[in-house]
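What follows is the residue order along each chain.
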Amino acid sequence: MTIREQTKLVKNKSLSFGKSNKILIQSMCDFKTSDTKNVIKQINECAKNGADLMRISILDDDDVNTIKIIKKHVKIPLVADIHLDYKLAIKAIDNGIDKIRINPGNITKKSELINILNEAKKYDTIIRIGVNSGSMPKNIKGKNEATKIVNAALQYIKFFEKNDFFKIVVSLKSSNPITTYEAYSLFSKKSKYPLHIGVTESGFDEIGIIRSVAGLSPLLISGIGNTIRISLTHNPIKEIETCKRLLHDLNLYKNYPTIISCPTCGRCMVNNTKELAEKTLNYCVKNKKYITVAIMGCVINGIGEGKNADIGLAGANDSYVIFKHGKILKTIKAKDALKSLYEEIDNF
Ligand code: SF4
């Protein structure tokens, strides 16, 4: 049994974190929440692409008042992200939000926090305690950044539990992947609450993806993490796609194709291996073909190196060879390569 399965089960009528539940994929809308039309459209697009839940920012009354409307037009659960103003948290709960994310470091009055907890109890709302290395109280002690983040989270949990609140999910974010890894690893030894994992402000494109994967892979492999967000300076669809790819490569997400493509070398017999691999990935994603496909630059080594793939394509000068589990099926002209490959994928 992994650490993931040993966490507490935290659930309400729309969300279930921990125990044997799958790792939930989430992202965050990048429109202001009162821009209802765009927010609804974005949430629905994200849901179609694999998001299990979406977070929206609640900055003011205009935002919080749209929650009821948005909820009517989307099918996945929503998380309200609240900073500073406890009244917005209470209104978000009253308006039917499924979960709220607060950083108790920036709602410092105990009476205000207690008001939020009481309202969440009344409506069965889950609360994420979102500790962020950039906004921790100054009095938190610890031998390093990761320990301080964990100590802050444990202190908040103690306060929540003292006030009879237990529907807690925790995040311990830093923009440093090593601090992130250390904080989540340490926390999972000290508490059984489900974890929302992520490297915050990780950056754009490969920079953000590599930083996130560097921090999150070792956690996921060791069974830590119950919901995931990969924060990229990009739109949320990209974040969801990246989450799915990471989880899929770690055998934690089934519904995604596996595309293998060789790096090419001096033996390569064609010049479009990358283009073919990209088009094949898009085809498999679009048509829900969750198999393994190999795109290889030459027949000399490609068929052997791609023998674990369900279907493969290997370059052979002005033609290509299609193979299945390492056995040649046919040789085709270059111009027909993708069409024939797609047919074999469809038939598999
Ligand atoms: Fe080189 Fe062929 Fe291997 Fe690709 S499959 S890396 S072209 S030897």
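Quick notes on the rules
Residues numbered from 1 in each chain as written. Predicted model: local features only at pLDDT ≥ 70, side-chain atom pairs only at ≥ 80, totals over all residues. Heavy atoms only, no water. Pairing = 2+ DSSP bridges. Helix = DSSP H or I, 4+ residues; strand = E, 2+ residues; numbered from the N terminus. Axes fitted to C-alpha atoms, helices over the stretch in contact; angles between N-to-C directions. Contact = heavy atoms within 4.5 Å. Expected span 1.5 Å × (residues − 1). Buried < 20%, exposed > 50% of the residue type's maximum accessible area, 1.4 Å probe, protein only. Near = heavy atom within 4 Å. Nonpolar A, V, L, I, M, F, W, Y, C, P; charged D, E, K, R; others polar. Right-handed = clockwise from strand over helix to strand, strands pointing away. Domains from an automatic or database assignment. Phe/Tyr/Trp six-rings, centres within 6.5 Å; stacked < 30°, edge-to-face > 60°. Lys NZ or Arg CZ within 6 Å of the ring centre and 35° of its normal. Core = buried A, V, L, I, M, F, W, Y, C linked by side-chain atoms within 4.5 Å. Polar contact = N/O pair within 3.5 Å; in protein donor to acceptor, adjacent residues only side chain to side chain. Parallel < 35°, antiparallel > 145°, perpendicular 65-115°, else oblique. Left-handed = near helix turned anticlockwise from the far one by under 90°.

Undergrad: Go over the sheet that holds strand β12 (residues 292–296), please, and point to the residues and values.
TA: The five strands are arranged β11-β12-β13-β14-β15 in an open sheet whose pairing can be described as mixed. Two strands close off the open sheet at either side, each with one partner strand: β11 (258–261) and β15 (327–333). Looking at each pair of strands side by side, their axes are set apart by 20° on average, direction ignored. Of the pairings in the sheet, the one linking β12 to strand β13 (residues 311–316) comprises four bridges and is parallel in character. The partner of M296 across the bridge, within β13, is A314. Packed on one face of the sheet, helix α10 (residues 273–286) meets β11, β12, β13 and β14 (319–324) and runs near 165° to β12.

Undergrad: Tell me about helix α7 (residues 177–190), and please be specific about residues and values.
TA: Think of an α-helix as 3.6 residues a turn; residues three or four steps apart then line up on the same face. Along its 14 residues, α7 runs 20 Å from first to last C-alpha, staying within 8% of the 20 Å computed at 1.5 Å per residue. Listed as buried for α7 are T179, T180, A183, Y184, S185, F187 and S188.

Undergrad: Please give an account of the site of the ligand that cites residues and values.
TA: Every residue lining the ligand is accounted for by C262, P263, T264, C265, C268, G297, C298, N301, G302 and E305. Tallied by class, the residues present in the shell around the ligand amount to five nonpolar, four polar and one charged.

Undergrad: Please provide a residue-by-residue account of the pairing of β12, values included.
TA: Within β12, five of the five residues are buried, which leaves the element mostly enclosed by the surrounding structure. The alternating pattern of β12 places T292, A294 and M296 and V293 and I295 on opposite faces, both of which are buried. Bridging between β11 and β12 involves four bridges; their strand directions are parallel. Bridge pairing in β12 places S261 opposite I295. Between the parallel pair β11 and β12, the chain is carried across by α10, and the sense of this crossover is left-handed.

Undergrad: Which residues make up the domain arrangement of the protein, and what values go with them?
TA: Under the domain assignment, the protein is made up of domain 1 (3–249) and domain 2 (258–347). The distance between the C-alpha centroids of domain 1 and domain 2 comes to 40 Å.

Undergrad: Describe the sheet that holds strand β9 (residues 196–197), listing the residues and the values that go with them.
TA: Strands belonging to one sheet form pairs held by backbone hydrogen bonds; the direction of such a pair is parallel or antiparallel. Spatial ordering of the open sheet is given by β8-β7-β6-β5-β4-β3-β10-β9, a layout of eight strands whose pairing is parallel. The open sheet has two free edges, formed respectively by β8 (168–173) and β9, since each of these has just one partner strand. For strand β7 (residues 126–132) and β8, the ladder comprises six bridges, and the chain directions are parallel. Following the sheet pairing, I129 is matched in β8 by V170. In the packing of helix α6 (residues 145–162) onto the sheet, contacts are made with β6 (99–102), β7 and β8, and the angle to β7 comes to roughly 150°. Strands β8 and β9 of the sheet are contacted by α7, whose axis makes an angle of about 145° with β8.

Undergrad: Give a description of the packing of aromatic side chains that names residues and reports values.
TA: Summed over all chains, the structure comprises two aromatic pairs. With a centroid separation of 3.8 Å and 5° between ring planes, the pair formed by Y283 and Y342 is classed as stacked. Remark: Y342 occurs in helix α12 (residues 337–347) and Y283 occurs in helix α10; sequence separation between them is 59 residues. Each member of the pair, Y283 as well as Y342, is classed as buried. One residue, K8, lies across the ring of Y193, its end atom 4.8 Å from the ring centre.

Undergrad: Give a description of the nonpolar core that names residues and reports values.
TA: Counting 80 residues, the largest nonpolar core has I43, I100, I116, F160 and I228 as the members making the most contacts within it. Not counting residues up to four positions away in its chain, the partners in contact with F160 are I102, P104, L113, L117, I127, I129, F165 and I168. Within the second largest apolar cluster, 18 residues are counted, among which are A277, I291, I322 and L338.

Undergrad: So, helix α4 (residues 86–94): which residues are in play, and what are the values?
TA: Among the residues of α4, those classed as buried are Y86, L88, A89, I90, A92 and I93. In this structure D85 caps α4, since a side-chain oxygen of it lies 2.9 Å from the backbone nitrogen of K87. Two residues or fewer after α4 comes G96, characterised by a positive phi angle close to 95°.

Undergrad: Give me the environment of T331: which residues, what numbers.
TA: As for its placement among the helices and strands, T331 is situated in strand β15. Put simply, T331 and L313 are 18 residues apart on the chain and 9.6 Å apart in space, counted from C-alpha to C-alpha. The contact partners of T331, leaving out residues within four places of it in the chain, are S319, Y320 and V321.

Undergrad: Which residues make up the packing of helix α8 (residues 205–221) against helix α9 (residues 236–249), and what are the values?
TA: One way to put it is that α8 packs onto α9 with a least axis distance of 11 Å and a crossing angle of 40°. Taken together, the axes of α8 and α9 are oblique relative to one another. Between α8 and α9 lies a crossing whose hand is right-handed. When α8 is examined against α9, the residues I209, V213, L216, S217 and L220 are found in contact with a partner set consisting of K238, T242, L246 and L247. Looking at side-chain class alone, the contact of α8 with α9 contains six nonpolar, two polar and one charged residues.

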